[in-house]
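A look at the structure
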Amino acid sequence: MSVSTPLSFSLLLSLVFFNLSFSFSWAASDPAYQSLLQCLSQSIPSHNVSSILFSKSNPSYASVLRAYIRNARFNTSSTPKPVIIITPVEESHVSAAVICSQKVGFQLKIRSGGHDYEGLSYVFDKPFFVLDMFNLRSISIDMADETAWVETGATLGELYYNIWENSKVHGFPAGVCPTVGVGGHFSGAGYGTMIRKYGLSVDHIVDAKIVDVNGEILDRKGMGEDLFWAIRGGGAASFGVVLSYKIKLVPVTETVTVFRLERLLADNATDVALKWQSVAPTTDNNLFMRMLLQPATRNKQKTLRVTVIALYLGDASSLVSLLGKDFPELRLEKENCTEMSWIDSVLWWANFDLGTSPSALLDRNLNNADFLKRRSDYVQTPIPREGLESLWEKMIELGKVGLVFNAYGGRMNEIKATETPFPHRAGNLYKIQYSVSWDEPGNEADMNYTTQSKLLHDFMTQFVSKNPRSAYLNYRDIDIGTTDNWSYEEGKVYGESYFNGNYERLVDVKTAVDPKNFFRNEQSIPPRSSKI
């Protein structure tokens with residue numbers, strides 16, 4: 001043993017040296033890597049450039065790519081992968097990456113938190129680079145004017161934590177999943193449990209910094225009001241690379257109240273679901289109620305479970321009194337409610353145990369991905385009782401797909417559909433998310449669960465918005481339509497679903513700021529004429 005150990009160590013060193021030498025020699029012989037490195041080195045010190053580039057030969061390439069893949073469907077051996085991942089640590093690196101990607105002739109995908117449900121921020125069917133923003137995550141809060149500059153590589157959890165560190169009576173209306181990246185969430189509109197009180201995330205953005213197609217860094221004044229409008233809900237990746245957003249914080253009460261109540265069909269689940277549709281969008285603006293519909297099994301019998309989850313900006317007694325009058329079918333009692341601070345409600349909605357430290361919001365939970373498919377719809381007329389009963393039958397028959405009903409109304413009714421690219425305001429009672437997740441890899445499972453999702457989506461056609469059938473951009477769904485040529489007509493198919501009449505203005509902005517269509521993905525906004 002005394003002889004073999006040094007030999008083994010020597011062999012290990014030799015292998016490490018060989019692997020590193022092979023990686024560097026491969027990178028040196030890779031023309032794309034060399035071209036990008038040479039171009040970037042003109043504006044970034046060369047020793048810094050190599051540290052932010054990951055080619056496929058780099059030992060860390062796979063881990064960097066995988067860290068922010070949030071849908072396991074796009075983490076397979078056959079998934080197209082970027083030629084190079086660029087991980088900027090300074091704003092100037094982003095400018096250089098935009099310029100140099102064009103010079104060397106590669107498409108550039110932009111990834112913030114990786115939660116794009118269809119993987120469009122890190123998958124493409126032609127050679128491409130990924131600009132991964134995870135290092136640009138600073139958050140600067142100014143309580144004097146109740147604002148914050150948030151870099152787009154930050155997560156919602158990090159934003160909430162930083163707000164809490166500075167104030168116990170301020171918050172921000174954004175999503176419940178703390179690992180979601182600010183960049184994608186805000187640029188696609190963003191919403192959360194205070195949507196009825198304060199509207200969307202983008203309704204509180206007051207400035208931004210973007211790198212345009214020329215590599216210029218522009219603030220709101222520099223970019224102009226049309227582009228500033230477009231990147232607040234229109235999908236910023238069609239127009240440039242947003243570096244940071246300046247947001248206006250909102251006041252929250254010292255005490256908020258949450259509850260979660262479940263009903264099965266054998267109880268009064270149908271009565272609850274029916275009444276929820278009229279109460280949730282019209283009740284006090286301080287109350288947000290989400291309703292989950294899920295197939296379930298009880299005593300070996302298939303049934304359906306209705307769950308109402310709520311946040312109320314106020315105390316439990318007021319909430320029980322309110323719903324005792326407006327929603328007696330729910331049978332809410334004070335013991336069903338829990339009073340807490342706003343930051344604790346953020347943790348509660350993210351499924352942390354009561355008493356968990358807010359520092360848990362800083363965990364990015366990397367390398368964590370289920371297989372999943374999501375879709376969305378908008379409902380403008382309540383589904384009648386017989387419609388709900390037919391829906392229960394369909395969901396039980398399919399067996400796996402759940403629905404999440406998110407109540408609108410309140411502040412959402414007061415903001416014009418043209419105020420931001422997000423058009424789904426007054427007239428919409430609630431939004432539906434179709435949700436199915438699974439653990440089994442492989443094409444058979446993928447086909448099974450995505451088909452279930454499609455069948456339920458098809459079934460719901462009778463109950464949801466029409467002409468166009470509207471959808472939410474941040475619940476990305478390529479089954480709505482994709483583009484191969486980035487023509488106006490191809491873009492219109494998904495563009496009008498996501499943006500309704502605002503699609504036209506988005507096309508005009510795109511034509512003005514990126515006429516050659518460098519910034520693009522399978523569902524991006526096209527210029528009026530494209531030669532791609």
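Residues numbered from 1 in each chain as written. Predicted model: local features only at pLDDT ≥ 70, side-chain atom pairs only at ≥ 80, totals over all residues. Heavy atoms only, no water.

**Notes on the nonpolar core**
Within the largest apolar cluster, 75 residues are counted, with the highest numbers of intra-cluster contacts made by F186, I231, Y245 and I247. Examining the composition of this core, we find that six residues originate from one element, helix 13 (residues 342–349), more than from any other. Excluding residues that lie within four positions of it along the chain, I231 makes contacts with F186, S187, A208, I210, M223, A236, F239, V242 and Y245. M291, L319, A445 and M460 belong to the second-largest nonpolar core, a separate cluster that totals 53 residues. (Core = buried A, V, L, I, M, F, W, Y, C linked by side-chain atoms within 4.5 Å. Buried < 20%, exposed > 50% of the residue type's maximum accessible area, 1.4 Å probe, protein only. Helix = DSSP H or I, 4+ residues; strand = E, 2+ residues; numbered from the N terminus. Contact = heavy atoms within 4.5 Å.)

**So, empty space enclosed by the protein**
According to the stated counting rule, one finds three cavities of 30 Å³ or more in the structure shown. Space inside the largest cavity adds up to approximately 100 Å³. Lining the largest cavity are Y160, F172, A174, G175, V176, T193, M194, W342, S345, V346 and W349. If you trace the second largest cavity, you find it lined by L65, I69, F74, N75, T76, T79, P80, K81, P82, Y122 and V123. Its residues assigned to classes, the lining of the second largest cavity comprises seven nonpolar, three polar and one charged. (1 Å grid on protein atoms, 1.4 Å probe; cavity = no way out; pocket = protein on both sides within 12 Å on 5 of 7 lines; lining within 4 Å. Points joined across faces, edges and corners; volume = space filled by probe spheres on them. Nonpolar A, V, L, I, M, F, W, Y, C, P; charged D, E, K, R; others polar.)

**Considering the sheet that holds strand 13 (residues 287–298)**
With respect to topology, seven strands assemble into an open sheet ordered 15-12-14-13-17-18-16, the strand pairing being antiparallel. Every interior strand has two partners, whereas the edge strands, strand 15 (337–340) and strand 16 (371–379), have only one. On average, adjacent strands in this sheet sit at an angle of 20° to one another, irrespective of strand direction. Summarising the sheet, strand 13 and strand 17 (residues 402–407) pair through four bridges and their orientation is antiparallel. By the bridge assignment, M291 is partnered in strand 17 with F405. Against the sheet, helix 12 (residues 316–326) engages strand 12 (256–264), strand 13, strand 14 (301–312) and strand 15, with an angle of about 140° to strand 15. Seen against the sheet, helix 14 (residues 385–398) touches strand 13, strand 14 and strand 17 and runs at an angle of roughly 110° to strand 14. (Pairing = 2+ DSSP bridges. Axes fitted to C-alpha atoms, helices over the stretch in contact; angles between N-to-C directions.)

**Description of the pairing of strand 4 (residues 128–132)**
Across the five residues that make up strand 4, a large majority, five, are buried. Side chains of strand 4 alternate between two faces, with F128, V130 and D132 and F129 and L131 buried alike. Note: strand 2 (residues 84–86) against strand 4, three bridges, orientation parallel. The residue bridging I84 from the neighbouring strand is F129, located in strand 4. As judged from the five bridges shared by strand 3 (residues 107–111) and strand 4, these two strands associate in the parallel manner. Paired with Q107 across the strands is F128, a residue of strand 4.

**Quick look at the pairing of strand 5 (residues 139–142)**
Side chains of strand 5 alternate between two faces, with I139 and I141 buried and S140 and D142 left unburied. Pairing of strand 5 with strand 6 (residues 147–151), which is carried by four bridges, proceeds in the antiparallel orientation. In the sheet register, I141 faces strand 6, and the bridge partner there is A148. The loop that links strand 5 with its antiparallel partner strand 6 comprises four residues; one of these, E146, has a positive phi angle of about 55°.

**Here we look at the pattern of salt bridges**
A complete count under the given rule lists 27 salt bridges for this structure. Residues E91 and K209 are paired through a salt bridge, measuring 2.9 Å at the closest nitrogen-oxygen approach. One end of the pair, E91, is in helix 5 (residues 91–104); the other, K209, is in strand 8 (residues 205–211), and 118 residues separate them in sequence. On the basis of relative accessible area, K209 is assigned to the partly exposed category, the value being 24%. Here K109 ties to E522 by a salt bridge, and the two come within 3.2 Å at their closest N and O atoms. (Salt bridge = Lys/Arg side-chain N within 4 Å of Asp/Glu carboxyl O.)

**A word on the layout of surface pockets**
Computed from the structure, the second largest pocket encloses a volume of approximately 490 Å³. Together, 25 residues line the second largest pocket, and R73, F74, T79, P80 and V123 are the ones closest to its centre. In terms of residue class, the lining of the second largest pocket is made up of 10 nonpolar, seven polar and eight charged.

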